[in-house]
Protein chains: 2
Amino acid sequence: MSEHTDERIESEAQLVEQFLLPLTNGDAGTLALRDDCAVLSPPPGMDLLLTTDSLVEGVHFLPGDVPSFKALAVNVSDLVAKGAQPFGYLLTLAFPSLPTRRMMTKLTAGLAAAQSVFGCHLLGGDTDLTGGLLTITIAAIGVVPAGRTVRRAGAKPGDVVYVSGAIGDATLGLALRKDPSLRGGYDLDRASTQALLARFETPRPPVALAPVLRQYASAALDVSDGLAKDFLTLCRVSEVGGEIELDRVPVSAAAGRALASGRASIGQLVAGGEDYEVLATVPQAQASAFEGAARAAGVTVTAIGRIADERNIRFLDAEGNAVRLSSTGWEHL
Amino acid sequence: MSEHTDERIESEAQLVEQFLLPLTNGDAGTLALRDDCAVLSPPPGMDLLLTTDSLVEGVHFLPGDVPSFKALAVNVSDLVAKGAQPFGYLLTLAFPSLPTRRMMTKLTAGLAAAQSVFGCHLLGGDTDLTGGLLTITIAAIGVVPAGRTVRRAGAKPGDVVYVSGAIGDATLGLALRKDPSLRGGYDLDRASTQALLARFETPRPPVALAPVLRQYASAALDVSDGLAKDFLTLCRVSEVGGEIELDRVPVSAAAGRALASGRASIGQLVAGGEDYEVLATVPQAQASAFEGAARAAGVTVTAIGRIADERNIRFLDAEGNAVRLSSTGWEHL
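Residues numbered from 1 in each chain as written. Chains lettered and ligands numbered in written order. Predicted model: local features only at pLDDT ≥ 70, side-chain atom pairs only at ≥ 80, totals over all residues.

### Side note on the overall build of chain A
Then, in step 1: Helix and strand counts for chain A come out as 11 helices and 13 strands.
Then, in step 2: Compactness check: chain A gives a C-alpha radius of gyration of 21 Å against a globular reference of 20 Å for 333 residues, within 12% of the reference.
Then, in step 3: Seen through its C-alpha atoms, chain A measures out along the principal axes to roughly 65 × 55 × 35 Å. (Helix = DSSP H or I, 4+ residues; strand = E, 2+ residues; numbered from the N terminus. Rg over C-alpha atoms; globule rule 2.2 N^0.38 Å.)

### A few points about the relation of the copies chain A and chain B
Then, in step 1: Expressed as a screw operation, the relation of chain A to chain B combines 0.0 Å of axial shift with a rotation of 180°, fitting to an RMSD of 0.0 Å. Such a turn and shift between the copies fits a two-fold axis.
Then, in step 2: A high fraction, 100%, of the interface residues of chain A reappear at the interface in chain B, so the copies pair face to face through one surface. (Least-squares fit on C-alpha atoms with pLDDT ≥ 70 in both. Contact = placed C-beta atoms within 7 Å.)

### Side note on the sheet that holds strand S2 (residues 46-56) of chain B
Then, in step 1: Across the sheet, which stays open at both edges, the five strands sit in the order S1(A)-S2(B)-S5(B)-S3(B)-S4(B) with mixed pairing between neighbours. In this open sheet, the two edge strands, each paired with only one partner strand, are strand S1 (38-40) of chain A together with strand S4 (121-129) of chain B. Shown here is a sheet whose adjacent strand axes are inclined to one another by a mean of 20°, direction ignored.
Then, in step 2: Pairing of strand S3 (residues 85-95) of chain B with strand S5 (residues 135-145) of chain B, which is carried by nine bridges, proceeds in the antiparallel orientation. Following the sheet pairing, Thr92 of chain B is matched in S5 of chain B by Thr137 of chain B. (Pairing = 2+ DSSP bridges. Axes fitted to C-alpha atoms, helices over the stretch in contact; angles between N-to-C directions.)

### Thoughts on the interface of chain A and chain B
Then, in step 1: The interface is formed by 44 residues belonging to chain A together with 44 residues belonging to chain B.
Then, in step 2: Going through the elements one at a time, S1, strand S2 (46-56), helix H2 (68-81), strand S3 (85-95), strand S4 (121-129) and strand S5 (135-145) of chain A are the ones with two or more residues in the side of chain A that touches chain B.
Then, in step 3: Tallying contributions element by element places S2 of chain A first for the side of chain A that touches chain B, with nine residues.
Then, in step 4: Its residues placed into classes, the side of chain A that touches chain B shows 19 nonpolar, 14 polar and 11 charged.
Then, in step 5: Bridge analysis of S2 of chain A against strand S1 (residues 38-40) of chain B gives three bridges, and the strand direction is antiparallel. The residue of S1 of chain B that forms the bridge with Leu49 of chain A is Val39 of chain B. (Nonpolar A, V, L, I, M, F, W, Y, C, P; charged D, E, K, R; others polar.)

### Observations concerning the domain arrangement of chain A
All names here are of chain A.
Then, in step 1: Assigned domains of chain A: these are domain 1 (12-145) and domain 2 (160-332).
Then, in step 2: Taking only C-alpha atoms into account, the centre of domain 1 sits 27 Å from that of domain 2.
Then, in step 3: Between domain 1 and domain 2, the residue contacts involve 19 residues of the former and 18 residues of the latter.
Then, in step 4: Among the elements of the structure, H2, S3 and helix H3 (101-118) are those that each provide at least two residues to the side of domain 1 that touches domain 2.
Then, in step 5: The greatest single-element share of the side of domain 1 that touches domain 2, amounting to nine residues, is contributed by H2.
Then, in step 6: Taken together, the residues of the side of domain 1 that touches domain 2 sort by class into 13 nonpolar, four polar and two charged. (Domains from an automatic or database assignment.)

### Details of the environment of Pro206 of chain B
All names here are of chain B.
Then, in step 1: Within the fold, Pro206 resides in the loop between helix H6 (190-201) and helix H7 (210-216).
Then, in step 2: Judged by C-beta crowding, with 24 C-beta atoms within 10 Å, Pro206 ranks as buried.
Then, in step 3: Ignoring sequence-local partners within four residues, the contact set of Pro206 consists of Val80, Ser164, Gly165, Glu277, Val278 and Val299. (Buried ≥ 20, exposed ≤ 12 C-beta atoms within 10 Å, placed from the backbone.)

### Some thoughts on the environment of Ile313 of chain B
All names here are of chain B.
Then, in step 1: Mapped onto the secondary structure, Ile313 falls in strand S11 (residues 313-316).
Then, in step 2: Separated by 223 residues in the primary sequence, Ile313 and Leu90 place their C-alpha atoms 38 Å from one another.
Then, in step 3: When neighbours within four sequence positions are excluded, Ile313 is seen to be in contact with Leu232, Cys235, Gly241 and Gly242.

### Describing the sheet that holds S2 of chain A
Strand pairs in the sheet, formed through backbone hydrogen bonds, run parallel or antiparallel to each other.
Then, in step 1: The strand order across the open sheet built from five strands is S4(A)-S3(A)-S5(A)-S2(A)-S1(B), with neighbouring strands paired in mixed fashion. Two strands in the sheet have a free side with no partner beyond their single neighbour: S4 of chain A together with S1 of chain B. Here the average twist between neighbouring strands, direction ignored, is 20°.

### Let's talk about helix H3 (residues 101-118) of chain B
Residue and element names in this part refer to chain B.
Then, in step 1: Along its 18 residues, H3 runs 25 Å from first to last C-alpha, staying within 8% of the 26 Å computed at 1.5 Å per residue.
Then, in step 2: Tucked inside the fold, the buried residues of H3 contact helix H1 (12-20), helix H2 (68-81), S3 and S4.
Then, in step 3: Among the residues trailing H3, Gly119 stands out with phi positive, at a value near 75°. (Expected span 1.5 Å × (residues − 1).)

### Some points on the packing of H6 of chain B against helix H9 (residues 253-260) of chain B
The relative placement of two packed helices is expressed as an angle between their axes plus a distance between the axes.
Residue and element names in this part refer to chain B.
Then, in step 1: It is the contact of H6 with H9, at a shortest axis distance of 9 Å, that shows an interaxial angle of 110°. Taken together, H6 and H9 sit at an angle that is classed as roughly perpendicular. For the pair H6 and H9, the contacting residues are Ser192, Ala195 and Leu196 in the first and Ala253, Ala254 and Arg257 in the second.
Then, in step 2: Tallied by class, the residues present in the contact of H6 with H9 amount to four nonpolar, one polar and one charged. (Parallel < 35°, antiparallel > 145°, perpendicular 65-115°, else oblique.)

### Considering H3 of chain A
Then, in step 1: Regarding H3 of chain A, the residues found buried are Arg101, Met104, Leu107, Thr108, Gly110, Leu111, Ala114, Gln115 and Phe118 of chain A.
Then, in step 2: Buried residues along H3 of chain A sit against helix H1 (12-20), H2, S3 and S4 of chain A.

### A short note on unusual backbone geometry
Where the residue is not glycine, phi is negative for most of them; where a peptide bond is considered, it is trans in most cases.
Then, in step 1: Backbone geometry places Asp187 of chain A, a non-glycine residue, at a positive phi of 60°.
Then, in step 2: Take Asp187 of chain A: it is sitting in the loop between helix H5 (182-185) and helix H6 (190-201).
Then, in step 3: If you check the backbone angles, Glu274 of chain B has positive phi at about 65° while not being a glycine.
Then, in step 4: Of note, Glu274 of chain B is situated in the loop between helix H10 (266-271) and strand S9 (277-282).

### Concerning the confidence of the model for chain A
Then, in step 1: Scored by pLDDT, chain A comes out at a mean of 94, with 97% of its residues at no less than 70.
Then, in step 2: Interface scoring of the predicted complex returns ipTM 0.92; its pTM is 0.94. (pLDDT = per-residue confidence, 0-100.)

### What about the pairing of strand S6 (residues 160-164) of chain B?
All names here are of chain B.
Then, in step 1: With five of its five residues buried, S6 lies for the most part within the structure.
Then, in step 2: Side chains Val160, Tyr162 and Ser164 of S6 all project onto a buried face; the interleaved residues Val161 and Val163 project onto the opposite face, where all are buried too.
Then, in step 3: Relative to S9, S6 is paired through four bridges, and the arrangement is antiparallel. Note that in S9 the partner of Val161 across the bridge is Thr281.
Then, in step 4: Both S6 and strand S10 (residues 301-308) contribute to a ladder of five bridges, which runs antiparallel. In the sheet register, Val160 faces S10, and the bridge partner there is Arg306.

If you want it as structure tokens, here you go:
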């Protein structure tokens with residue numbers, strides 16, 4: 001890191017050479033970021049998956065944050081849910097004004113960490129000084145064996161509904177970011193608080209689950225809009241109905257404390273978004289094989305419901321009664 | 001077109017279904033824009049080229065404009081200069097607020113026209129309401145036979161410097177947009193004025209030149225920052241010098257009138273940008289074959305200079321004297 005971190009970057013050329021070039025990991029196809037294009041030689045027998053997502057200051061992140069790790073993570077999440085291995089990404093940065101070295105160091109450190117976790121690298125991009133909102137746009141590319149992409153459509157009656165990891169941490173993390181005093185109400189110790197904040201700031205889509213999804217999932221999508229809404233989306237696109245048992249939705253130890261405090265509810269956690277876990281459906285006959293393969297890949301998956309024939313979509317409480325979800329909880333129908 | 005063009009779009013779903021889905025040209029790989037990803041099955045033996053460029057309101061276009069044709073054109077321009085055929089693109093739209101039907105109709109009409117001209121289609125994307133500046137970001141994908149990408153580096157001493165089409169129209173078009181009264185000073189009739197405005201608003205990178213570049217060019221880049229600056233870039237990256245004869249730089253009939261009026265100068269035209277033509281270098285021995293192949297492809301190319309051994313870069317007037325370029329013209333050294 002420079003000794004003069006508050007210095008502004010001098011030029012786009014400096015920004016590219018000093019900060020962005022190291023993120024290419026020496027891939028010759030990036031042409032050392034000197035050309036306007038990156039060259040990709042697709043591996044034979046593989047399809048490429050393309051996705052793009054922007055994070056805009058004040059819309060997707062709190063002013064002052066530099067959520068570069070998350071910007072890559074949300075794109076990787078789309079790829080993983082499709083059964084793809086992340087390969088690389090194009091980065092478009094819109095800065096209000098020339099950034100400081102401190103800010104660029106933070107931005108590239110986040111990307112470098114995310115690249116390392118997700119196994120991909122920078123291919124190229126574009127930077128602009130706009131006078132507008134800080135915006136980080138990523139177009140990510142993943143690879144999947146030809147014809148093996150997992151889609152949102154494909155869930156069938158009788159399929160088991162699974163979710164990876166734990167749900168609700170990011171919602172609680174965001175709440176804690178906005179109002180740190182909630183820590184007391186949620187009855188959280190320091191470690192639990194940090195864990196929830198980390199899940200909001202540096203989400204970890206389960207890359208290792210991608211090949212398992214390809215093998216077993218009839219449909220999948222990433223949990224970004226909230227488990228409840230994403231389940232509705234999956235059912236709508238697959239033209240099926242189904243039910244989720246709320247007391248089977250997996251939560252972390254930290255979220256469990258918040259629930260036990262009575263200040264957070266499972267309805268709130270499944271309505272909140274940004275989990276960047278995978279919601280998948282698996283034929284009943286493959287369910288235990290799927291669970292075993294996920295375990296072998298080091299990813300926790302939990303059966304939380306079932307796809308049904310009728311188009312009705314229901315969320316059930318511990319007694320099996322249908323409830324109506326709202327953003328703050330749920331009520332009996 | 002709807003009868004109620006001033007109505008606001010109701011939702012992102014409506015925007016996607018009614019306005020964006022038709023731009024996919026029915027490509028099954030787009031998954032009907034229902035998933036977060038597009039699937040691309042790369043043609044065997046081809047490399048993929050990736051590029052991305054944003055157009056931001058107030059930075060790259062005048063407030064009130066909806067430069068969707070241009071947003072695709074500037075990306076296609078990057079691909080063409082690399083010898084690639086445009087294939088498809090991801091579209092990221094940041095809207096200040098929910099757009100009207102009129103605005104979306106304009107935006108998609110521009111994209112549809114550009115797709116048709118350039119031979120590519122929409123693959124996927126992302127839309128956001130940001131409260132910020134209207135921003136159109138495109139990540140475009142082109143295909144090129146494996147290993148045949150034309151780079152910026154590669155110009156050799158003795159190579160002939162070529163430029164496609166005509167230079168300076170977009171600069172004059174922008175000047176006319178900002179100050180319509182310049183039309184009189186430039187001595188332009190209505191048709192010439194329209195021609196210059198069109199070159200600024202709907203640039204046409206020469207897609208048909210791509211295979212010719214692959215066969216003959218030692219180096220190439222698109223003319224976006226101004227012919228003079230882009231020539232400096234090409235020489236710097238290729239680690240050579242060279243010279244351009246300003247009186248050989250091709251201009252349109254309309255730009256010729258502006259030059260003849262004495263109110264515009266060739267220095268201004270080569271300093272201005274956004275031509276989205278191709279600047280290429282070709283070995284002397286291949287020069288006439290290159291010219292013939294370009295002619296056969298229906299693209300005008302003009303020899304305007306030569307690459308030299310020494311790192312010196314010169315711009316020459318009609319008498320062969322070196323001149324210093326400025327944004328408003330040039331002066332003798």
